[in-house]
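# An overview of the molecular structure
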Amino acid sequence: MSMSQDDLKRAVAQAAIAYVPTDCIVGVGTGSTANCFIDELAKIKHKLRGAVASSEASAKRLQGHGIEVVSLNDAGTLPVYVDGADEITRHLHMLKGGGGALTREKIVAAASKKFICLCDASKLVDVLGKFPLPVEVIPMARSYIAREIVKLGGQPKLRDGFTTDNGNIILDVHGLQIMNPVELESILNELPGVVTNGLFARRGADVLLLGKPEGGQTIIL
Ligand code: 5RP
């Protein structure tokens, strides 16, 4: 019997626990896959010093399980950061931010030694960009950034009624075929008013745990 997408998320979340050192502070992502990982962390919480959360939502879920949430400023360098992705390539370049937590995710990931990405096979792609690329923007820069994105060949759409944990807006960019994610990540981040964008290519994942429908995981390093 093949596993449902939820079963796959649970299975990769369980497998990720092996990458969490004893007595550490672990970096925790955001989204439905990260939620499965948080639920698995709860089972080993006596072996953890705490967690740094990449969103208010993940912080709440961690606290709900009685796991101490530590601020990144107090935690120092983290041994591992565990998160999902909206798309990932075999080069371990990711497109993230479907849940709108991209900026804090990128910060916590940057402060971590290892990025463990958890995905089911549907997220593995040859070229990033079918999933709209989220860009977090300071509200007053919205129209300017939208015009610049059109010049780059994308179609920006305001994520309606959504404000990030940092008080900003998200433009979801449709219609991109991202042949060079490392370059596009920098080009977008250099536009004044962009806080960050959902390409995680300059610093990609270190390990991908890819859930297989028949059970088990493919590990891509
Ligand atoms: C949130 C993210 C998530 O990692 C991404 O959206 C994947 O979410 P899910 O695990 O629910 O498919 O980047 O900002």
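Computed from a predicted model, the values in this text were never measured in an experiment.

Read across the sheet, three strands follow the order β4-β5-β11 without closing on themselves; strand pairing throughout is antiparallel. The outermost strands of the open sheet, each flanked by one partner alone, are β4 (87–88) and β11 (199–200). Across two bridges, β4 lies against strand β5 (residues 94–95) in antiparallel orientation. Looking across to β5, one finds that E87 is bridged to L95.

Per the stated rule, a full pass over the model turns up two aromatic pairs. Taken together, a centroid distance of 6.4 Å and an interplanar angle of 80° make the contact between F115 and F200 edge-to-face. Note that F115 is positioned in strand β6 (residues 112–120) and F200 in strand β11, a separation of 85 residues in sequence. Each member of the pair F115 and F200 is classed as buried. Members of the aromatic cluster, joined through ring pairs, are Y81, F115 and F200. A cation over a ring is seen here: K106 above F200, with NZ or CZ 5.0 Å from the ring centre.

Time to look at the pattern of salt bridges. Scanning the entire structure with this criterion turns up 10 salt bridges. Across the salt bridge formed by D39 and R61, the nearest N and O atoms sit 2.9 Å from each other. Linking D39 in helix α2 (residues 32–43) with R61 in helix α3 (residues 56–64), this pair joins segments that are 22 residues apart in sequence. Classification of R61 by relative accessible area gives partly exposed; the value is 33%.

The next subject is the pairing of strand β13 (residues 217–220). Relative to β13, strand β12 (residues 207–211) is paired through four bridges, and the arrangement is antiparallel. Following the sheet pairing, L210 is matched in β13 by T218.

Rules behind the numbers
- Residues numbered from 1 in each chain as written.
- Predicted model: local features only at pLDDT ≥ 70, side-chain atom pairs only at ≥ 80, totals over all residues.
- Heavy atoms only, no water.
- Pairing = 2+ DSSP bridges.
- Helix = DSSP H or I, 4+ residues; strand = E, 2+ residues; numbered from the N terminus.
- Phe/Tyr/Trp six-rings, centres within 6.5 Å; stacked < 30°, edge-to-face > 60°.
- Buried < 20%, exposed > 50% of the residue type's maximum accessible area, 1.4 Å probe, protein only.
- Lys NZ or Arg CZ within 6 Å of the ring centre and 35° of its normal.
- Salt bridge = Lys/Arg side-chain N within 4 Å of Asp/Glu carboxyl O.

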